[in-house]
Amino acid sequence: MEFKSKILENGLAVIGEVNKSAKSAAVGFFVKTGSRDESEQINGVSHFLEHMLFKGTEKLGPIEVNEAFDRTGAQFNAFTSEENTVYYAAVLPEYLIEVTRLWIELMRPALRDDDFNLEKNVIKEEIAMYKDLPSFDVMDRCRKLHFEGHPCSKSVLGSEQSIDGMTAEQMRSYFCSRYSPNNMVVGCAGNFDWEQICSAIEAACGQWSKQDADRKLEHFGGSKKKERVEKANMALEHICLMSAGVPAQDPRRFAASLLAMIIGDDVGSRFFWELVDKALAEAATMQFGAMDGTGVFCSYILCGSDNVSKVLEVVAKVFKDIEESGITQEELTKAKNKLLSEVVIKNELPMGRLIDLGFNWTYLREYRPVGQDVEDIKSVTGEQVNSLIEQFKPGDFTQLSTGPARQE
Amino acid sequence: MAEKLDKHVLKNGMVLLGEPMEGVESAAFGFMLPGGASRLPEGCSGAANVVLDWIFRGAGDKNSRQLSDALDGIGLHRGSSVNSAHVTVGGVLEAGNLGEALDLHGDIIRQPRLEQEQFEPARQLAIDGVLALEDDPRQKVTLILREQFYPTPLGRSAVGNVEDLKALTPETTRRIIQDGFNLSDTIFAVAGKYEFDSIVRQFEDSFETEPQETLGAIKFGLRDDRYTHISNEGAQVHIGIMTGTVTVGDDDYYNARVAISVLSGGMSARLFTEVREKRGLCYAIGARYHTLKEAAGIMCYAGTTPEKAQETLDVITAEFNRLSEGISEDEIERAKVGLKSALILQSESSSSRAGGIASDYHLLGRVRSLDEIKTRIEETTVDSVLVFLRDNRFEDFTVVTIGPKEVKVK
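Residues numbered from 1 in each chain as written. Chains lettered and ligands numbered in written order. Predicted model: local features only at pLDDT ≥ 70, side-chain atom pairs only at ≥ 80, totals over all residues.

### Here we look at the sheet that holds strand β10 (residues 227-231) of chain B
Residues and elements named next belong to chain B. Spatially, the five strands line up as an open sheet ordered β10-β14-β11-β13-β12, and their pairing is mixed. Two strands bound the open sheet, and with one partner strand each, they are β10 and β12 (285-291). Across the sheet, the axes of successive neighbouring strands diverge by a mean angle of 15 degrees, strand direction being ignored. Here five bridges tie strand β11 (residues 237-245) to strand β14 (residues 398-403), and the two strands are oriented antiparallel to one another. Across the sheet, I239 pairs through a bridge with T401, a residue of β14. Contacting β11, β12 and β13 (296-304), helix α9 (residues 253-264) runs over the sheet at an angle of about 165 degrees to β12. (Pairing = 2+ DSSP bridges. Helix = DSSP H or I, 4+ residues; strand = E, 2+ residues; numbered from the N terminus. Axes fitted to C-alpha atoms, helices over the stretch in contact; angles between N-to-C directions. Contact = placed C-beta atoms within 7 Å.)

Listed below in structure tokens is the structure:
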């Protein structure tokens, strides 16, 4: 493995980890923008813009863009979160330069009115699709409640109203302010020629002009409110719990991931033994999400309507026990082994590696070899995990449930 | 791409397969046990999910907790599943712990404790799994579609139904495990970093038994209704469409795969272009190949708001029917590049390879090399695909919808 990097004069970071023994290569454009960077009026614009990038440039129409991607055999897509928009492609090594050139072109899109109006329909279908997925819907609603008053409360998809009311002009102006080279990272991983890729990126992107693209960061403790939403067509109760955690820039993020695994990995965790093994809940998991300047522990529980109060009692007890007595050494060792194998397996594929590479640069401006993550996970101590519990009190959470109407 | 294949057959007929991979530190493995959903006795639908839960609740000298701790202790990412033909148990982990993982799985498969008091929670979780499907119409439409499309019981869903699960007893479930975990009909596959000789020695100790009578072919009957609608006051109509095509063993298999790729391979394929790009009818739209040993189909899903449901269905079926009218050289080329590239990208993952070699052996009785697949894809042409499509027209569509509005199936 060899790491390479170059920061262009306009601030665009170009990074790569070369692995000549890989059979494929992956490229990604990481734009530091998401729903937290939007105003209420244009909520959903980051995600909508992600769709619109595929609609092409002054020279390329939407159908031509799709054909150009498919000619390279790329497995490609994009995703948008509260704080990042990421475009990626995995290809056979001989196609990397072609697919990279295509992405470079698309990063300066035409954003035509006709395409914008047609794609609105697709976005509204996507919003409708997620409404029919309660496991997603409950988390979206809970995030909104948890981050009340904080920029991260905004939904990634936006609402039908915000999408309906949005204009292409508003999107163009958002694009200009956020897709600035100093707010982007281009990364490559796998089997590729660094000099070739880097010079192609430099030649094409070096002229992009720079804008201020700041984001105000503030830690947020969460609203800790509790709400329930009833829906006629649902069968089970979906419960989402959120509490504050450390930010992506904090070295304690590994301890936080281990804590989430101890409390709520899908097997062998405290939630698993107290809720799933006993069949009180069909699923009960917790994950830690490290974000820009803040962080969140997020639990998802799925159970029958009859079990809700019992489940919430058990959840309260799990948190009370862990806050009073801390974690055990055995739990920590098991969680480390699981997390270590997850990290190693994910990073075996150039596509998996690319994501870590890009986010490490986005958040930390730092290259971290896989071995460094492995060492940091191994060195986490029980005291470190316990002090996180003490500081963040995961039992003091925001709660949002959705489920069928309760029978009186 | 000249990958090596390791193979050994135990005296009882259990097949061990391995594909070593360079440059990886992981090993992925799976035991394909012949107790899948279509093998279950009548009235026991969903039982395979109970089996899968119950066998992990203690095995050999370990109780449920000790077993789970042991699996977590070696960092195993478990990957168990039930499909039409098999119950598969396995996972992926760092290669150094493979031996221990296989020992533990020897106990899980051969000496599960199946304690009476652990049965009830296993069954309750399977019942909750049926109810959870109500809150996931997209998944539900796919399962019902396969049930309606394949001749009974081939398409039977692993999830089952609440009535059968409520009636299921520990005794019946024990019998299902005894019959279903037939080692003479079992395929074991490993891929990644491993030593095959030491696995063979380990298996000769833990999996060598007297040969059992193998289960033979699954008997199947007729197909169900052509159109099924389930009313649900959701935001979208979830549409599932399935039509028959050739199985992996057929001479025309690669022509079929290329044809499906023209229809729905990449974003430039016809369904995505016509349904989403030109008309904005859907967010999710796609078709893919689905095969069992006995039959195969093209399975299509689209989710759309009620007022667009009919148009979506009509555009999709028109695209299916239009395919045999003509395909351009460019379309065929993109489809072939996409298929070949996906093949090589998947070959970098130990989990994909372990799954791939086991499934090939089940479906074909042998494992195809990546070179063979690549060559066969390259051999297809516009003409070969069109001849195939004209000889195998899409005549019947099985359609399932879930949502607030029915559609008309022509």
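### Points about the domain arrangement of chain A
All names here are of chain A. Each domain of chain A was delimited in the assignment, giving domain 1 (2-205) and domain 2 (226-403). Facing 33 residues of domain 1, the contacting portion of domain 2 comprises 22 residues. Among the secondary structure elements, those contributing two or more residues to the side of domain 1 that touches domain 2 are β1 (2-7), β2 (13-18), β3 (25-31), β5 (85-91), α5 (134-146) and β6 (184-190). Among the elements that make up the side of domain 1 that touches domain 2, the one with the highest residue count is α5 (ten residues). (Domains from an automatic or database assignment.)

### Digging into the interface of chain A and chain B
Counting from both sides, the interface comprises 51 residues of chain A and, opposite them, 56 residues of chain B. Elements with a contribution of two residues or more to the side of chain A that touches chain B: α2 (62-71), β5, α4 (113-131) and α12 (329-346) of chain A. Examining the composition of the side of chain A that touches chain B, we find that nine residues originate from one element, α4 of chain A, more than from any other.

### Considerations on the environment of N83 of chain B
Residue and element names in this part refer to chain B. With respect to the secondary-structure elements, N83 resides in the loop between β7 (81-82) and β8 (87-94). Sequence separation between N83 and A295 is 212 residues, and the spatial gap between their C-alpha atoms is 14 Å. For N83, the residues in contact, after removing those within four places along its chain, are G36, A37 and A158.

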